[in-house]
Amino acid sequence: PSNPPDQALTASLVSDPFLIDNAPPQILNLSGSVAAGNKLEVRWSARDAHSNIDHAEYSVNGADWVLIDPVSRLSDSPQEQYHLLIDRPSPGEQVIAVRVNDEFDNQAVEKVIVK
């Protein structure tokens, strides 16, 4: 605005397209049960509409988060299946929380109670 119109400069640049993903992944069909040998069995699937699933973790009764591999052993697609079989830490009700992150660090958390 401070330059005369005949001395004004303009420029523009068009970038390559890039993805902005603020949507968290979905945790689907989360279920838990007591398996043979006093073990806990937890299954779920994760799906993201815009990016790949990066990793998943679980926590038993509010303990530290533990990384888990998908059934395919490689997190490289927008949909992954998970199967967890762990020792039951104590008698009674157990709360298992699962957390899934996509490649843009969007996160979803769900829990299941196993009696």
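What counts and what doesn't
Residues numbered from 1 in each chain as written. Predicted model: local features only at pLDDT ≥ 70, side-chain atom pairs only at ≥ 80, totals over all residues. Heavy atoms only, no water. Helix = DSSP H or I, 4+ residues; strand = E, 2+ residues; numbered from the N terminus. Rg over C-alpha atoms; globule rule 2.2 N^0.38 Å. Contact = heavy atoms within 4.5 Å. Salt bridge = Lys/Arg side-chain N within 4 Å of Asp/Glu carboxyl O. Buried < 20%, exposed > 50% of the residue type's maximum accessible area, 1.4 Å probe, protein only. Pairing = 2+ DSSP bridges. Axes fitted to C-alpha atoms, helices over the stretch in contact; angles between N-to-C directions. pLDDT = per-residue confidence, 0-100. Polar contact = N/O pair within 3.5 Å; in protein donor to acceptor, adjacent residues only side chain to side chain.

Visitor: Can you walk me through the overall build of the protein in this structure?
Guide: When helices and strands are tallied, the protein shows zero helices and seven strands. Secondary structure elements of the protein, listed N to C terminal, follow the sequence β-β-β-β-β-β-β. At 22 Å, the protein has a C-alpha radius of gyration far larger than the 13 Å of a compact globule built from 115 residues. Taken over the C-alpha atoms alone, the protein extends approximately 85 × 25 × 20 Å along its principal axes. A separation of at least 24 residues holds for 61% of the contacts in the protein among residues at least 6 apart in sequence.

Visitor: Hey, could you run me through the pattern of salt bridges in this one?
Guide: Think of it this way: side chains of opposite charge can pair up when their charged atoms draw near. Across all of its chains, the model carries four salt bridges by this definition. Between Arg99 and Glu57 there is a salt bridge, with the nearest N and O atoms lying 2.9 Å from each other. Of this pair, Arg99 sits in strand S6 (residues 94-102) while Glu57 sits in strand S3 (residues 53-60), and the two are 42 residues apart along the sequence. Here Arg99 falls in the buried class, since its relative accessible area comes to 17%.

Visitor: Mind showing me how you'd approach the sheet that holds S3 here?
Guide: Strands pair in a sheet through their backbones, by hydrogen bonds, and they do so in one of two ways: parallel or antiparallel. Read from one edge of the open sheet, four strands run S4-S3-S6-S7, paired in antiparallel fashion. Single-partner strands in this sheet number two, and they are strand S4 (66-68) and strand S7 (107-114). Geometrically, the sheet is characterised by an average inter-axis angle of 25° between neighbouring strands, direction not taken into account. Across three bridges, the pairing between S3 and S4 is antiparallel. Bridge assignment links Ala56 to a residue of S4, and that residue is Ile68.

Visitor: When you look at the pairing of S7 in this model, what are you seeing that I'm missing?
Guide: The two faces of a sheet get side chains in turn, since along a regular strand they alternate between them. As paired elements, S6 and S7 share eight bridges and run antiparallel to each other. Its bridge partner lying in S7, Gln94 is registered against Val114. Turn length for the S6-S7 hairpin, with the two strands adjacent in sequence and antiparallel, is four residues, and the turn residue Asp105 shows positive phi of about 65°.

Visitor: For this particular structure, what's the right way to read the confidence of the model for the protein?
Guide: Where the model shows low pLDDT, its predicted coordinates should not be examined in detail. When pLDDT is averaged across the protein, the result is 94; 100% of the residues are at 70 or more. Mean pLDDT values over the elements of the protein span from 96, in strand S1 (residues 26-35), up to 98, in S4.

Visitor: Can you help me understand the environment of Ser75 in this one?
Guide: Turning to its location among the elements, Ser75 is positioned in the loop between S4 and strand S5 (79-87). C-alpha separation for the pair Ser75 and Asn29, spaced 46 residues apart in sequence, amounts to 18 Å. When near neighbours in sequence (up to four residues on either side) are disregarded, Ser75 contacts Ile53, Asp54, His55, Pro70, Glu80 and Tyr82. Reaching out from Ser75, the side chain makes a polar contact with the backbone oxygen of Asp54 at a distance of 3.5 Å.

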